[in-house]
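In case you want the letters, here they are:
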Amino acid sequence: MARDFLDIKKGLPVIGVGLGLRREIADETFNHANEIDWLEFVPENYMRLGGMAKERLETALGQFPLVSHGVNLSIGSTDELSDQYLSELKQVLDRANAPWWSDHLCFTSIGGAYMHDLLPLPFTKEAVRHIADRIKRVQDYIERPFLIENISFYMNMPGAEMTDAQFMTEILETADCGLLLDVNNVYVNSVNHNFDACDYLNQIPLDRTVQMHVAGHKRIGEYVIDTHGAPLIEPVYELLNYVLERTTVHGVLLERDQNFPAFDELVAELKMIRAVAQKTQPGLASPTHRAASRTLEPKRPAAANSLPAKGGRDLRALSA
Amino acid sequence: MPSLHEVEKSLSTLWLNKDARQWLLGSRKGPVPEVLANVPVEILRQVDRKGIELYAGLLSFGHNDVMESVYPFTARLLGKKWPATVDDYLAKFPPEHYNFNRLCKRFSEYLTIHGGSLLEKYPFLPELADYEWIELEKMEEDVDIISVPHEQLTTTQQIASFGPIVNPTLSVRDYKFDILSISAEIEAGRKLAKVKPERTLVAAYRHPKTHAGKFAQIGEAAAQIVEISKSPVTYQALLPVVVSLTPQLDPQESVADFLELVEDLQELGIFIGSTQIGN
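From a predicted model like this one, the values you see are computed outputs, not experimental measurements. Within every chain, residues take consecutive numbers counted from 1 along the sequence as written. Lettering for chains starts from A, numbering for ligands starts from 1, and both go in the order in which the items are written. Residue-level local features of this predicted model are given only where pLDDT is at least 70; pairs of side-chain atoms are given and counted only at 80 or more, and the full residue set underlies all totals for whole chains, interfaces and linings. Hydrogens and water molecules were not included; the side-chain quantities draw on all heavy atoms of the structure.

A. Here's a closer look at the overall build of chain B. Each helix corresponds to a stretch of at least 4 residues labelled H or I by DSSP, and each strand to a stretch of at least 2 residues labelled E; elements are numbered beginning at the N terminus. Check the secondary structure of chain B and you find 14 helices and five strands. The globule rule puts the C-alpha radius of gyration for 279 residues at 19 Å, and the 26 Å found for chain B is more than 25% above it. Dimensions of chain B, computed from the C-alpha atoms along their principal axes, are close to 85 × 45 × 25 Å. The cut-offs for exposure are 20% and 50% of the maximum accessible area for each residue type, with area from a 1.4 Å probe on protein chains only; residues under the lower value are buried, those over the upper are exposed, and the others partly exposed. Considering chain B as a whole, with its 279 residues, one finds that 48% of them fall into the buried category. For chain B, the proportion of contacts with a sequence separation of at least 24, taken over those separated by at least 6, is 66%. In these tables, accessible area is a Shrake-Rupley quantity obtained with a 1.4 Å probe, and a residue counts as shielded only by the protein chains included in the view. Put simply, chain B shows about 14100 Å² of open surface, and 51% of that area lies on carbon and sulfur atoms. Put simply, chain B has 28 plus and 38 minus side-chain charges, and the middle of one group is 11 Å from the middle of the other. We compute the radius of gyration over the C-alpha atoms and compare it with the globule rule, which gives 2.2 Å times the number of residues raised to the power 0.38. Residues count as neighbours in contact if any of their non-hydrogen atoms are within 4.5 Å of one another. We count Lys and Arg on the positive side and Asp and Glu on the negative side, and we leave His and both chain ends out. Taken as the charge centre is NZ of Lys, CZ of Arg, CG of Asp or CD of Glu, depending on the residue.

B. Quick peek at the confidence of the model for chain A. Residue and element names in this part refer to chain A. Taken over all residues, the pLDDT of chain A has a mean of 91, while the share at 70 or more is 90%. Here residues 294–306 is modelled with pLDDT under 50, and outside its nearest four sequence neighbours on either side it reaches 18 contacts, counting other chains as well. Confidence of the predictor in every single residue is expressed as pLDDT, which spans 0 to 100. Within the model, pLDDT remains below 50 along residues 313–320, and this stretch shows 34 contacts once partners closer than five positions in the same chain are excluded.

C. Layout of helix α4 (residues 83–96) of chain A. All names here are of chain A. Taking 1.5 Å per residue as the helical rise, α4 with its 14 residues ought to reach 20 Å, and the 20 Å between its terminal C-alpha atoms agrees with that figure. Along α4, the positions that sit buried rather than exposed are Tyr 85, Leu 86, Glu 88, Leu 89, Lys 90, Val 92, Leu 93 and Ala 96. The inward-facing, buried residues of α4 contact β2 (38–41), α3 (51–63), β3 (66–69), β4 (101–104) and α5 (125–142). Remark: Asn 97 follows α4 within two positions and exhibits a positive phi of approximately 50 degrees. Expected helix span is taken as 1.5 Å per residue step, with the number of steps being one fewer than the number of residues.

D. Representation of the packing of helix α12 (residues 220–228) of chain B against helix α13 (residues 235–245) of chain B in the model. All names here are of chain B. Running from amino to carboxyl end, α12 crosses α13 at an angle of 160 degrees, the nearest separation of the two axes being 10 Å. Taken together, the axes of α12 and α13 lie roughly antiparallel to each other. Crossing hand, α12 versus α13: right-handed. On α13, the residues touching Ala 221, Gln 224, Ile 225 and Ile 228 of α12 are Leu 238, Val 241, Val 242 and Leu 245. Polarity classes work like this: nonpolar for Ala, Val, Leu, Ile, Met, Phe, Trp, Tyr, Cys and Pro, charged for Asp, Glu, Lys and Arg, and polar for all others, with Gly in that last group. In the contact of α12 with α13, the residues fall into seven nonpolar, one polar and no charged. Only the stretch in contact is used when fitting a helix axis, every axis being a line fitted to C-alpha atoms; angles between N-to-C directions are given from 0 to 180 degrees. In these notes the angle categories are as follows: under 35 degrees is roughly parallel, over 145 is roughly antiparallel, 65 to 115 is roughly perpendicular, and the rest is oblique. Definitions for this section: a left-handed crossing has its near helix turned counterclockwise from the far helix by less than a right angle. A right-handed crossing has that turn clockwise.

E. Here's a closer look at helix α1 (residues 4–16) of chain B. Between its terminal C-alpha atoms α1(B) stretches 18 Å, which fits the 18 Å expected from 13 residues at 1.5 Å a residue. Buried within α1(B) we find B:Leu4, B:Val7, B:Glu8, B:Ser10, B:Leu11, B:Ser12, B:Thr13, B:Leu14 and B:Trp15. Buried residues belonging to α1(B) abut β5 (107–110), β6 (113–119) and α5 of chain A together with α2 (18–25), α3 (41–46) and α4 (49–70) of chain B.

F. Spatial organisation of the environment of A:Leu73. Residues and elements named next belong to chain A. Within the element layout of this structure, Leu 73 appears in the loop between β3 and α4. Expressed as a C-alpha distance, the spacing of Leu 73 and Cys 106, which sit 33 residues apart in the sequence, is 9.0 Å. Aside from chain neighbours lying at most four places away, what touches Leu 73 is Glu 44, Leu 81, Tyr 85, Leu 86, Trp 101, Asp 103, Val 138 and Phe 146.

G. Layout of the layout of surface pockets. When its volume is computed, the second largest pocket comes out at roughly 880 Å³. Cavities and pockets are defined on a 1 Å grid built over the protein atoms alone: a cavity is a set of grid points where a 1.4 Å probe fits but cannot escape, while a pocket is an open set with protein on both sides within 12 Å along at least five of seven lines, and lining residues are those with an atom within 4 Å of any such point. Forming the walls of the second largest pocket are 27 residues, and the residues nearest its centre are B:Leu16, B:Asn17, B:Asp87, B:Leu90 and B:Ala91. Elements represented by at least two residues in the lining of the second largest pocket include exactly β6 of chain A together with α1, α2, α4 and α6 (82–92) of chain B. Grid points are joined across faces, edges and corners, and a volume is the space filled by probe spheres set on the points.

H. Just the sheet that holds β4(A), in detail. Residue and element names in this part refer to chain A. Taken in spatial order, the eight strands line up as β1-β2-β3-β4-β7-β8-β9-β12 and close into a barrel, and their pairing is parallel. Strand-to-strand twist across the sheet, computed as the mean angle between neighbouring axes with direction ignored, equals 30 degrees. On top of the sheet, helix α9 (residues 234–244) reaches β8 (178–182), β9 (209–215) and β12 (251–255); it is set at about 170 degrees to β9, its chief contact. If DSSP finds at least two bridges between two strands, the strands pair.

I. Region of interest: the interface of chain A and chain B. Facing the 56 residues of chain A at the interface are 51 residues of chain B. A quick way to say it: buried area is the sum, across both parts, of accessible area lost when two parts are put together, with a 1.4 Å probe. Of the roughly 4600 Å² buried where chain A meets chain B, counting both sides, 63% is carbon and sulfur surface. Think of a salt bridge as a Lys or Arg side-chain nitrogen and an Asp or Glu carboxyl oxygen that are within 4 Å of each other. The interface formed by chain A and chain B contains three salt bridges. With its nearest N and O atoms 2.9 Å apart, the salt bridge here joins B:Asp144 to A:Lys54. Counting of polar contacts relies on pairs of N or O atoms within 3.5 Å, with two restrictions inside protein: one atom must be capable of donating a hydrogen and the other of accepting it, and residues adjacent in sequence are counted only when both atoms are side-chain atoms. Applying the counting rule to chain A against chain B returns 16 residue pairs in polar contact (both at pLDDT 80 or more). Elements with a contribution of two residues or more to the side of chain A that touches chain B: α3, α4, β5, β6, α5 and β11 (223–225) of chain A. Looking at the side of chain A that touches chain B element by element, the count peaks at seven residues for β6(A).

J. Representation of the domain arrangement of chain B in the model. All names here are of chain B. An automatic or database domain assignment supplies the start and end points of every domain. When its domains are assigned, chain B resolves into domain 1 (4–126) and domain 2 (141–276). Inter-centroid distance (C-alpha atoms) of domain 1 to domain 2 is 40 Å. Across the domain 1 to domain 2 interface the summed buried area is about 680 Å²; carbon plus sulfur atoms make up 81%. Per-residue buried area on domain 1 facing domain 2 is highest for Phe 73, Arg 76 and Phe 124; these three make up 77% of the total on that side.

Have a look at this one:
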């Protein structure tokens with residue numbers, strides 16, 4: 001991908017306000033298509049899988065634009081990139097026709113073993129060079145625009161040569177990729193590591209933001225943990241607004257992965273997000289692809305056989 | 001300054017290895033544990049101790065959570081020994097696949113090799129684990145199940161020209177123990193009496209309509225019929241097999257039983273229709 005990412009961003013669709021595709025709320029999601037502009041799926045839950053997972057993805061594809069947000073690219077690992085992973089990821093992205101794809105600025109594997117969590121990186125020049133090179137390689141292989149997401153982190157890794165904001169900035173600009181900006185993670189980190197969230201946002205290249213995440217968190221002991229299992233709080237809405245006042249954003253996602261409330265509560269949160277977006281980016285609040293098709297969607301009957309929960313949640317999340 | 005690789009390797013060891021972590025976070029008396037021998041001193045000195053504990057807890061929680069969701073019966077049976085068993089399993093069989101559920105895949109193998117005293121008390125444990133895993137495996141198997149129409153076999157021409165289509169997700173497990181009954185007892189919360197071996201053949205598959213993982217206890221004849229039917233074969237060609245396996249029955253009774261079995265297998269979704277064989 002030889003073009004400058006900021007040029008690429010201009011050509012990406014504005015997809016509006018979306019929700020995570022989660023097994024536990026899939027039927028209700030499909031029955032509320034009128035309230036949701038797009039869905040984000042975790043590709044590892046659909047790569048080379050059949051049965052209900054495949055059917056769920058196909059149903060989603062028939063009703064929504066889909067965007068992929070992975071958890072095991074392990075872009076920061078010193079292991080070699082996995083050819084198998086990239087090949088299978090590419091297949092599912094091609095099937096979903098995702099306008100962009102994303103993963104986390106972290107490592108999830110070392111020595112060939114996956115830890116299945118988003119683990120923090122040391123803020124070093126070596127890490128910047130290593131990760132930027134890998135981002136370029138995966139972006140070229142997948143042939144779709146790639147966004148890296150800022151994670152919440154609960155410890156400082158040894159050997160830091162720069163701040164979190166500097167680290168993110170150098171990676172984005174050296175790799176020339178996009179940003180998936182999670183403002184709940186910014187908030188959580190600002191509390192846990194005692195810095196001003198807006199200062200962080202002022203230091204990173206916000207114009208590389210293509211997509212945003214908003215989510216809830218929970219205080220557990222002395223930490224605030226990014227659980228994706230609680231309602232959004234006002235400071236997170238404020239950070240969303242702060243970013244939308246400063247750069248065009250093509251999609252905002254409500255991330256809810258566990259402790260699901262009544263679906264109407266999620267719909268209410270989507271409306272709140274839309275209301276924030278409406279103030280500065282009306283096209284984001286009411287994207288053209290949904291405005292044209294925003295008729296009453298016929299309700300699908302709930303699945304006659306809800307499968308018992310077996311296997312991990314789509315994303316690891318701490319609940320206490 | 002430690003390299004990126006050294007940082008990642010060292011921190012992952014501290015997050016995953018309890019002994020190493022306890023040495024670091026404790027009084028650090030005694031020699032450095034072998035797993036920490038190559039960790040740069042600067043890391044051991046600078047490391048964020050609270051952060052190590054927090055991430056160790058997050059990782060352990062996530063791993064235990066998924067293991068318990070896949071192996072609820074085994075977890076219930078092992079009770080207080082479950083967490084340590086999971087830790088030891090993951091230390092010996094670190095997850096090598098990007099899919100989170102696959103972390104659980106080799107637990108039966110682990111129990112067979114390393115079950116030790118657990119197997120003395122619960123000799124069926126590896127088979128119970130296999131039974132619990134295979135349900136998920138079948139649910140997720142990357143294969144399409146395409147059912148075709150089946151008409152009840154009422155004419156000799158149908159029996160001679162048509163043959164069954166076997167569900168492509170089907171596996172037949174030959175268990176030494178009656179795993180279905182054992183799991184039912186555990187699920188009901190009843191205490192297991194000393195379990196004696198009792199050979200049980202179990203068909204495991206994904207239901208073609210509901211996508212649920214399904215099990216059916218089957219007899220020797222059904223197991224052989226299903227196995228032969230994985231290659232194109234007419235119902236007529238299966239009849240001699242049935243008759244030879246049921247010498248205690250009158251041949252006409254065997255045929256009648258066979259036809260009933262075919263309908264049962266179609267109903268269950270083990271057969272997913274019938275197809276014309278040959279011309």
